[in-house]
Amino acid sequence: MSLDRIIEHGKRNGYGSLCEGGLRMESFPMRLFRKGNKKFWDPETIDFSQDAADYAAMTPEEKRLTCYLATQFMAGEESVAQDLQPFMTAMAAEGRLADEAYLTQFTFEEAKHMQSFRLWFDAVGLDSDLHEYVEYSEPYRRVFAEELPKSLYALQHDPSPAAQIRASITYNHVVEGCLALTGYFAWAKVCASRNILPGMQQLIKYIGDDERRHMAWGTFTCRRHVAADERNWDVADERMQELLEPAMGLIVKLFDQFDDSIPFGINLDEMTDYGLDKVNRRLESIESARGRPVEEIDEDYSPMQLEDTFAEEDEKVVAQSLAAMS
């Protein structure tokens with residue numbers, strides 16, 4: 001955007017896309033937006049008929065674990081779809097049109113993920129009230145009913161870099177980068193253990209691809225603020241330390257519902273180690289922005305490359321884990 005025209009938030013005194021340079025297509029948020037345009041998928045094209053048969057054939061404990069995973073994912077997707085909008089306001093206040101554009105795609109994808117899980121529940125015949133699968137968990141309530149909306153809606157009256165970092169750490173790095181990714185890992189174990197639930201396998205592949213872009217944007221957003229002011233690194237680190245206890249507690253509480261052994265060969269230590277590894281490596285990426293010129297960060301594609309690396313590693317880890325079970 002041309003520096004000789006400052007477009008004020010809430011006042012149509014100009015158009016960012018008409019300014020000199022327009023939308024820089026190689027900026028990080030526009031690259032994510034362009035990538036997402038090429039990845040469009042429709043939940044209603046996924047065939048869940050075999051999933052219904054596979055679910056019906058499960059043992060009661062296998063069904064219970066599957067319900068916990070699916071219910072907590074669907075409620076989580078609803079939560080993040082509702083709570084993301086204030087970040088758009090913060091980007092508008094900062095004059096970051098490309099980020100606003102990407103966040104419209106981001107929000108649309110979260111709503112689509114919610115719809116997808118509801119279609120799966122309907123297909124397998126789970127149409128009763130499902131609140132019992134989330135309301136038992138105090139850590140789930142704290143993360144999704146307290147910390148997530150509180151940190152995101154704070155942006156409506158405080159769009160400062162520190163507030164953005166707290167919101168991004170909560171949303172992108174704890175809810176998505178720790179909890180959702182650990183959940184995908186658990187789903188991979190469930191589905192691949194007996195090659196069941198092909199519709200869910202396809203769904204998780206689609207959602208995981210979307211979420212990697214979301215998490216990359218969160219890492220990028222934290223990195224550009226840390227590059228601009230190194231004190232923001234302490235904000236990121238402190239917020240993560242505040243949320244690790246309820247995040248790990250949520251994972252432990254879920255699998256603690258199974259007294260003897262967790263179905264599908266899932267190991268609790270493997271789940272928690274997986275989640276912590278991803279958190280620590282994203283924090284390293286954020287910290288690496290200290291002392292970097294801000295203008296370099298805006299076109300640095302490394303946050304997306306990190307997520308692609310995680311995806312490749314996940315395939316190998318799941319394969320190795322399943323080989324050990326056989």
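J.: Looking at this model, I keep getting lost on the overall build of the protein. Mind explaining?
T.: Helix and strand counts for the protein stand at 13 helices and 0 strands. Each helix and strand of the protein, placed in order from N terminus to C terminus, yields the pattern α-α-α-α-α-α-α-α-α-α-α-α-α. A compact globule built from 326 residues would reach a C-alpha radius of gyration of about 20 Å, and the protein, at 20 Å, matches this within 12%. With the C-alpha coordinates of the protein rotated into their principal frame, the extents come out at 65 × 40 × 35 Å.

J.: Teacher, can you tell me more about the packing of aromatic side chains here?
T.: For any pair of aromatic rings, geometry is given as the distance between the ring centres together with the angle between the planes. Enumeration over the complete set of coordinates arrives at 18 aromatic pairs. Ring geometry for Phe106 and Trp217: centres 6.4 Å apart, planes at 85°, overall edge-to-face. With a gap of 111 residues between them, Phe106 in helix H5 (residues 97–124) and Trp217 in helix H9 (residues 198–228) connect regions that are remote in the sequence. The exposure classification of Phe106 matches that of Trp217, with both residues buried. Of the aromatic side chains, those joined through ring pairs into one cluster are Phe87, Tyr102, Phe106, Tyr171 and Trp217. Here the basic side chain of Lys112 rests over the ring of Phe40, its NZ or CZ set 4.3 Å away from the ring centre.

J.: Could you clarify how one ought to interpret the environment of Ala101 in this entry?
T.: Here Ala101 lies in helix H5. Put simply, Ala101 and Ala227 are 126 residues apart on the chain and 23 Å apart in space, counted from C-alpha to C-alpha.

J.: Hey, could you run me through the side chain of His113 in this one?
T.: In this fold, His113 is placed in helix H5. Judged by its relative accessible area of 0%, His113 falls in the buried class. When sequence neighbours within four positions are dropped, the list of residues in contact with His113 reads Trp41, Glu77, Ile207, Asp210, Glu211 and His214.

J.: Mind showing me how you'd approach helix H2 (residues 49–56) here?
T.: A turn of α-helix holds 3.6 residues, and therefore any two residues three or four places apart point the same way. Residues of H2 that are buried: Asp51, Asp54 and Tyr55. Projected down its long axis, H2 carries its buried residues within an arc of 100°, all on one side. Buried residues belonging to H2 abut helix H3 (60–83), H5 and H9.

J.: Please explain the side chain of Arg224 as it appears in this structure.
T.: With respect to the secondary-structure elements, Arg224 resides in helix H9. Look at Arg224 and you get buried, because its relative accessible area is 6%. A polar side-chain atom of Arg224 sits 2.7 Å from a polar atom in the side chain of Glu94. For Arg224, the contacting residues outside a window of four places in its chain are Met91, Glu94, Arg96, Gln164, Val294 and Ile297.

J.: Honestly, the nonpolar core in this entry has me stumped. Any pointers?
T.: Among soluble globular proteins, nonpolar side chains are generally buried collectively. Grouped together as the largest cluster of nonpolar side chains are 92 residues, with contacts concentrated most on Phe87, Phe117 and Trp187. Setting aside residues no more than four positions away along its own chain, Trp187 makes contact with Thr66, Leu69, Ala70, Phe73, Phe117, Leu197, Met200 and Ile204.

J.: Explain the packing of helix H10 (residues 231–255) against helix H11 (residues 268–287) here, please?
T.: If you want to describe how two helices pack, look at the angle between their axes and the distance between the axes. Remark: H10 packs on H11, axes separated minimally by 11 Å, with the N-to-C direction vectors making an angle of 165°. With respect to each other, H10 and H11 are oriented roughly antiparallel. Viewed along their axes, H10 and H11 form a crossing whose handedness is right-handed. Along its contact with H10, which presents Trp233, Ala236, Asp237, Met240, Leu244, Met248, Ile251, Val252 and Phe255, the element H11 presents Leu268, Met271, Thr272, Leu276, Val279, Leu283, Ile286 and Glu287.

J.: How do you make sense of the state of the cysteines when you look at a structure like this?
T.: Think of a disulfide as a covalent bridge from one cysteine sulfur atom to another cysteine sulfur atom. The tally for this structure, following the rule as stated, stands at 0 disulfides. Here Cys67 is not cross-linked by a disulfide; its sulfur's nearest cysteine counterpart is in Cys191, at 14 Å. Judged by relative accessible area, Cys67 falls into the buried class, the value being 2%.

J.: Help me out: how do you make sense of the pattern of salt bridges in this one?
T.: Under the criterion given, the structure shown has 34 salt bridges. One salt bridge connects Arg31 with Glu26, and the closest N-O pair in it is separated by 3.9 Å. A salt bridge links Glu147 to Lys150, with the shortest nitrogen-to-oxygen separation between them at 3.6 Å. In this pair, Glu147 and Lys150 are both assigned in helix H7 (residues 138–153), 3 residues apart and thus about one turn of the helix distant. Relative accessible area serves as the criterion here: at 7%, Glu147 is assigned to the buried category.

J.: Before we go on, may I ask you to explain the packing of helix H8 (residues 161–194) against H11 in this structure?
T.: It is at 9 Å that the axes of H8 and H11 come closest, and there the two elements cross at 145°. Crossing geometry of H8 relative to H11 is assigned as right-handed. Contacts between H8 and H11 involve Ile169, His173, Gly177, Cys178, Leu181, Thr182, Phe185, Ala186 and Lys189 on the former and, on the latter, Glu270, Met271, Tyr274, Gly275, Lys278, Val279, Arg282, Leu283 and Ile286. Taken together, the residues of the contact of H8 with H11 sort by class into 10 nonpolar, 4 polar and 4 charged.

J.: Before we go on, may I ask you to explain unusual backbone geometry in this structure?
T.: Glycine aside, residues mostly have negative phi, and peptide bonds are mostly found in the trans state. The phi torsion at Asn195 lies on the positive side, around 55°, for a residue other than glycine. Within the secondary structure, Asn195 sits in the loop between H8 and H9. For Leu197, which is not glycine, the phi torsion reads 50° and is therefore positive. If you trace the backbone, Leu197 turns up in the loop between H8 and H9.

Definitions and limits used
- Residues numbered from 1 in each chain as written.
- Predicted model: local features only at pLDDT ≥ 70, side-chain atom pairs only at ≥ 80, totals over all residues.
- Heavy atoms only, no water.
- Helix = DSSP H or I, 4+ residues; strand = E, 2+ residues; numbered from the N terminus.
- Rg over C-alpha atoms; globule rule 2.2 N^0.38 Å.
- Phe/Tyr/Trp six-rings, centres within 6.5 Å; stacked < 30°, edge-to-face > 60°.
- Buried < 20%, exposed > 50% of the residue type's maximum accessible area, 1.4 Å probe, protein only.
- Lys NZ or Arg CZ within 6 Å of the ring centre and 35° of its normal.
- Contact = heavy atoms within 4.5 Å.
- Arc of directions from axis to C-beta.
- Polar contact = N/O pair within 3.5 Å; in protein donor to acceptor, adjacent residues only side chain to side chain.
- Core = buried A, V, L, I, M, F, W, Y, C linked by side-chain atoms within 4.5 Å.
- Axes fitted to C-alpha atoms, helices over the stretch in contact; angles between N-to-C directions.
- Parallel < 35°, antiparallel > 145°, perpendicular 65-115°, else oblique.
- Left-handed = near helix turned anticlockwise from the far one by under 90°.
- Disulfide = S-S within 2.5 Å.
- Salt bridge = Lys/Arg side-chain N within 4 Å of Asp/Glu carboxyl O.
- Nonpolar A, V, L, I, M, F, W, Y, C, P; charged D, E, K, R; others polar.

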